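So the chains spell out like this:
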Amino acid sequence: MNLVEQIKKIGPDALKPIYLGYKPTFIKSMLRYTKDLDLRIDAFHEAMVSFYEYCLDGKYDENKSSPKTLIYLMGRAYLLNRLKKENKITAREEDGLEYLQKGINLHFDITLDSYEVQIHQALQNLGEKCRELIHLFYYHNYSIDAIMHRLNYKNENVVSSHKARCISQLKQIMQSNKNASN
Amino acid sequence: MPVTEQDLDLIEKHLRDQLQENEKILFREKMQNSAFQEELQFRQKLKKAAMHSGREELHRKFEEWDKVEPTGNQTRFTRSWLNRAAAIILIFATATVIFWVLNLNTPGKLYREFYEPYANLLDPLQKGSSPQSASISQLYEQKRYQAVLERSPQDSLRLFYFGLTKLEVKETTDAIEILEQISKAPENRFSQAASWYLALAYLQDGNKDASKKVLNSICGQPNHSFKDAATELLSKL
């Protein structure tokens with residue numbers, strides 16, 4: 001089973017061997033840009049998130065690049081971008097943009113508008129099972145069929161109706177949060 | 001008009017870019033319905049909020065992976081067990097101190113700690129690419145050092161990789177000569193990297209003083225790419 005198939009089956013846990021195997025090398029290689037260990041770890045985490053989402057989007061082709069190469073490019077891009085913003089590095093404009101040559105789009109920072117913030121807060125107040133279902137569907141891009149197998153539902157109809165109830169609950173929580181703040 | 005199950009199905013397919021052609025036409029018609037638009041907007045924002053929340057969970061998962069796994073069940077301590085444990089720790093600590101003293105930041109040790117091959121960002125290797133058409137940086141990346149050395153160093157790029165390869169194959173005197181030449185030419189795009197590898201080459205050669213001199217020079221340049229690494233290495237020399 002290749003990496004993308006493993007990710008579809010077991011989610012981000014499929015990345016654990018790559019994470020543990022590659023982290024020390026990455027952290028060491030970023031020493032050339034900054035001594036700040038926390039920042040280098042941050043860059044590695046952001047790279048792993050970006051790589052995971054790249055796989056979820058179905059864009060990763062293991063015949064073209066190794067995970068190491070892509071994670072290195074993504075992490076380096078994040079780190080250089082961050083150091084440039086904090087004026088801690090003088091680098092050329094094109095430094096850290098090698099990932100563009102591979103047709104990769106990176107979105108490190110997601111800024112939520114006020115309505116999205118409300119949804120996000122309501123998500124945290126949902127029951128664990130509902131939140132997991134919503135994450136699987138809307139973030140990890142699982143199909144209803146895949147959710148059925150992953151969470152051991154009886155059939156697809158049960159998944160669909162549970163999802164509908166979870167979204168309804170989410171809206172109710174948003175409404176009561178709104179009423180509470182008025 | 002309230003949204004139906006079929007409407008929700010259309011919306012979810014749209015969000016996943018999975019609409020068939022006939023469904024796209026139906027979707028455009030449904031967009032005339034304000035309740036449909038509202039639900040679409042809600043689900044778009046839900047998707048974005050779920051992405052934010054999902055990423056937070058991923059970060060927490062990574063932090064868990066970073067932690068040391070707790071060991072199994074605790075055993076009951078007895079006095080003799082403690083004595084045995086203390087004896088083992090003492091022997092281990094003594095051995096560690098002896099080992100540490102013997103290996104205290106020797107040039108070779110520092111070289112091994114700080115050296116890593118130069119990352120090929122110019123034209124990273126693609127899987128399936130032909131070995132015959134490999135560039136000098138790709139040959140270096142593949143560790144085909146003999147092939148690198150067979151290419152004559154006609155330009156600054158080739159000369160730099162020539163120098164790096166000399167360092168890899170431990171022809172240190174040649175490596176020092178080449179890297180020193182490049183490091184003294186600030187207009188050369190590899191001069192900063194060359195000065196870092198020159199410092200490492202001196203360590204490989206056992207020459208701490210010469211290495212320190214180069215590292216001090218690097219640290220004296222505020223915008224040097226290897227300033228932080230040089231500072232770290234200098235602190236151990």
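Since the model is a prediction, treat every value here as computed from it, not as a measurement. (Residues numbered from 1 in each chain as written. Chains lettered and ligands numbered in written order. Predicted model: local features only at pLDDT ≥ 70, side-chain atom pairs only at ≥ 80, totals over all residues. Heavy atoms only, no water.)

1. A closer look at the overall build of chain A
Stage number 1. Summing up its helical and strand segments, chain A has eight helices and zero strands in all.
Stage number 2. Split into buried and exposed, the 182 residues of chain A put 50% on the buried side.
Stage number 3. At a minimum sequence separation of 6, the contacts of chain A that also span at least 24 residues come to 61%.
Stage number 4. Here chain A has roughly 9,300 Å² of accessible surface; of this, 47% comes from carbon and sulfur atoms. (Helix = DSSP H or I, 4+ residues; strand = E, 2+ residues; numbered from the N terminus. Buried < 20%, exposed > 50% of the residue type's maximum accessible area, 1.4 Å probe, protein only. Contact = heavy atoms within 4.5 Å. Areas by Shrake-Rupley, 256 points an atom, 1.4 Å probe, with all protein chains shown as cover.)

2. Quick word on the confidence of the model for chain B
Residues and elements named next belong to chain B.
Stage number 1. This prediction gives chain B a mean pLDDT of 84; 87% of its residues lie at or above 70.
Stage number 2. For residues 69–77, every residue scores under 50 in pLDDT, and the model assigns this stretch two contacts once sequence neighbours within four places are set aside.
Stage number 3. For this predicted complex, the interface confidence reaches an ipTM of 0.90, while the overall pTM sits at 0.61. (pLDDT = per-residue confidence, 0-100.)

3. Considerations on the interface of chain B and chain A
Stage number 1. Each side of the interface is counted separately: chain B has 43 residues, and chain A has 58 residues.
Stage number 2. Around 4,800 Å² of area is buried between chain B and chain A when both sides are counted, 57% of it from carbon and sulfur atoms.
Stage number 3. Taken together, the connections running from chain B to chain A amount to eight salt bridges.
Stage number 4. Its salt-bridge partner being Lys45(B), residue Asp113(A) comes within 2.4 Å of it at the nearest N-O pair.
Stage number 5. Applying the counting criterion to the chain B and chain A interface returns 23 residue pairs in polar contact (both at pLDDT 80 or more).
Stage number 6. The element best represented in the side of chain B that touches chain A is helix 3 (residues 34–66) of chain B, accounting for 23 residues.
Stage number 7. Its residues assigned to classes, the side of chain B that touches chain A comprises 15 nonpolar, eight polar and 20 charged. (Buried area = accessible area lost by both parts, 1.4 Å probe. Salt bridge = Lys/Arg side-chain N within 4 Å of Asp/Glu carboxyl O. Polar contact = N/O pair within 3.5 Å; in protein donor to acceptor, adjacent residues only side chain to side chain. Nonpolar A, V, L, I, M, F, W, Y, C, P; charged D, E, K, R; others polar.)

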